[in-house]
Amino acid sequence: MRSFKATLLPLALLFSTSALAITVPEGPHLITQGEAQIKVAPDMATLSLAVTALKDDSRAAKEEVDTKVAALFSGLSSLGIKKEDIDSGNLVTRPDYSYPREGKPELNGYLAERTITVRLYQLDNLSQVLDKALDQGIQNVQHIAYGAREAESYQQQARAAAIAHAKALAAELAEGFERPLGDIYAIEYQSQPPALPRHYGMAKMAAMESADAGYQQNEIEFRDRIQVVFALK
């Protein structure tokens with residue numbers, strides 16, 4: 001479901017000043033700023049999972065991580081998730097130490113870690129993906145980020161709406177002040193990043209009440225803004 005909201009803010013009429021960032025003519029002019037927003041429900045999510053193992057030697061830690069990753073890939077495949085939608089980072093091994101207040105550092109063992117990134121296009125499967133991870137002892141969700149597959153198209157729609165409203169307001173202001181609207185003198189534009197739903201960061205799945213609770217699919221807001229200087233006849 002998508003809702004649309006566009007707003008426009010008049011900035012100036014019949015004045016000129018060097019303090020403005022946008023270039024203005026010396027003669028009569030007006031400046032309008034169009035702002036548009038398009039809100040859409042997310043239709044995809046990106047999950048980052050940290051697969052770890054702590055063993056007495058690095059080979060054993062690596063083998064356990066490899067086993068968990070292989071089982072996770074098999075489980076994700078059973079949910080219809082394609083291989084091209086799964087990215088597996090390089091496996092890293094390192095000694096793991098604890099540092100007592102007194103004395104030398106103590107070696108706990110060797111930690112192996114690999115980050116798995118999953119792009120999910122069926123949001124109804126999110127809890128099942130988390131269950132598959134839990135089944136393999138993977139309890140560290142680094143983040144879950146929602147997104148929109150047609151992000152570029154939504155951004156273009158917001159930009160077109162901002163342009164249309166800047167032009168419409170310019171015509172309305174010129175008519176209201178009984179001055180013919182002239183040509184466009186200058187345009188200032190900076191792209192606006194979409195406002196994404198909040199991420200779920202560094203969450204331990206084992207601490208969650210349930211794997212499918214608390215995931216709100218907040219709206220993604222695509223916004224754009226344009227500032228235009230029109231000459232007045």
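These remarks concern the structure in this document. Keep in mind the model is a prediction, meaning the values are calculated, not measured.

Rules of the game
Residues numbered from 1 in each chain as written. Predicted model: local features only at pLDDT ≥ 70, side-chain atom pairs only at ≥ 80, totals over all residues. Heavy atoms only, no water. Core = buried A, V, L, I, M, F, W, Y, C linked by side-chain atoms within 4.5 Å. Buried < 20%, exposed > 50% of the residue type's maximum accessible area, 1.4 Å probe, protein only. Helix = DSSP H or I, 4+ residues; strand = E, 2+ residues; numbered from the N terminus. Contact = heavy atoms within 4.5 Å. Expected span 1.5 Å × (residues − 1). Pairing = 2+ DSSP bridges. Phe/Tyr/Trp six-rings, centres within 6.5 Å; stacked < 30°, edge-to-face > 60°. Polar contact = N/O pair within 3.5 Å; in protein donor to acceptor, adjacent residues only side chain to side chain.

### Some words on the nonpolar core
Alright, step 1. Core analysis: the biggest nonpolar cluster contains 26 residues, and Leu47, Leu72, Leu76, Ile81, Ile116 and Val129 have the highest contact counts within it.
Alright, step 2. Of all the secondary structure elements, the ones that give two or more residues to this core are β3 (44-55), α1 (58-78), β6 (106-120), α2 (126-135) and β7 (140-147).
Alright, step 3. Leave out the neighbours within four places in its chain, and Val129 touches Leu47, Leu76, Leu79, Ile81 and Leu120.
Alright, step 4. Counting 13 residues, the second-largest nonpolar core is a separate cluster that includes Leu30, Ala166, Leu173 and Ala174.

### Overview of helix α3 (residues 151-176)
Along an α-helix, residues three or four positions apart point the same way, because every turn accommodates 3.6 residues.
Alright, step 1. Along its 26 residues, α3 runs 37 Å from first to last C-alpha, staying within 8% of the 38 Å computed at 1.5 Å per residue.
Alright, step 2. For α3, every residue scored as buried is listed here: Tyr154, Gln155, Ala158, Ala161, Ala162, Ala166, Leu169, Ala170, Leu173 and Ala174.
Alright, step 3. Count one or two residues on from α3 and you reach Glu178, which has phi positive near 55 degrees.

### Remarks on the pairing of β7
In regular strands, side chains alternate between the two faces of the sheet.
Alright, step 1. Here β7 lies mainly inside the structure; six of its eight residues are buried.
Alright, step 2. Summarising the sheet, β3 and β7 pair through seven bridges and their orientation is antiparallel. Bridging across to β7, Ala50 finds its partner in Asn140.

### Points about the packing of aromatic side chains
Alright, step 1. Under the defined criterion, the tally for this structure stands at two aromatic pairs.
Alright, step 2. Ring geometry for Tyr97 and Tyr99: centres 6.4 Å apart, planes at 45 degrees, overall tilted.
Alright, step 3. In this structure Tyr97 comes out as partly exposed when scored by relative accessible area, which is 39%.
Alright, step 4. Taking the centre distance of 5.5 Å and the plane angle of 40 degrees together, the rings of Tyr154 and Phe222 count as tilted.

### Some words on the side chain of Arg114
Alright, step 1. As for its placement among the helices and strands, Arg114 is situated in strand β6.
Alright, step 2. There is a polar contact of 3.0 Å between the side chain of Arg114 and the backbone oxygen of Gly89.
Alright, step 3. If near-sequence neighbours (up to four positions away) are discounted, Arg114 is found in contact with Leu49, Ala50, Val51, Val65, Asp66, Val69, Ser88, Gly89, Asn90 and Leu91.

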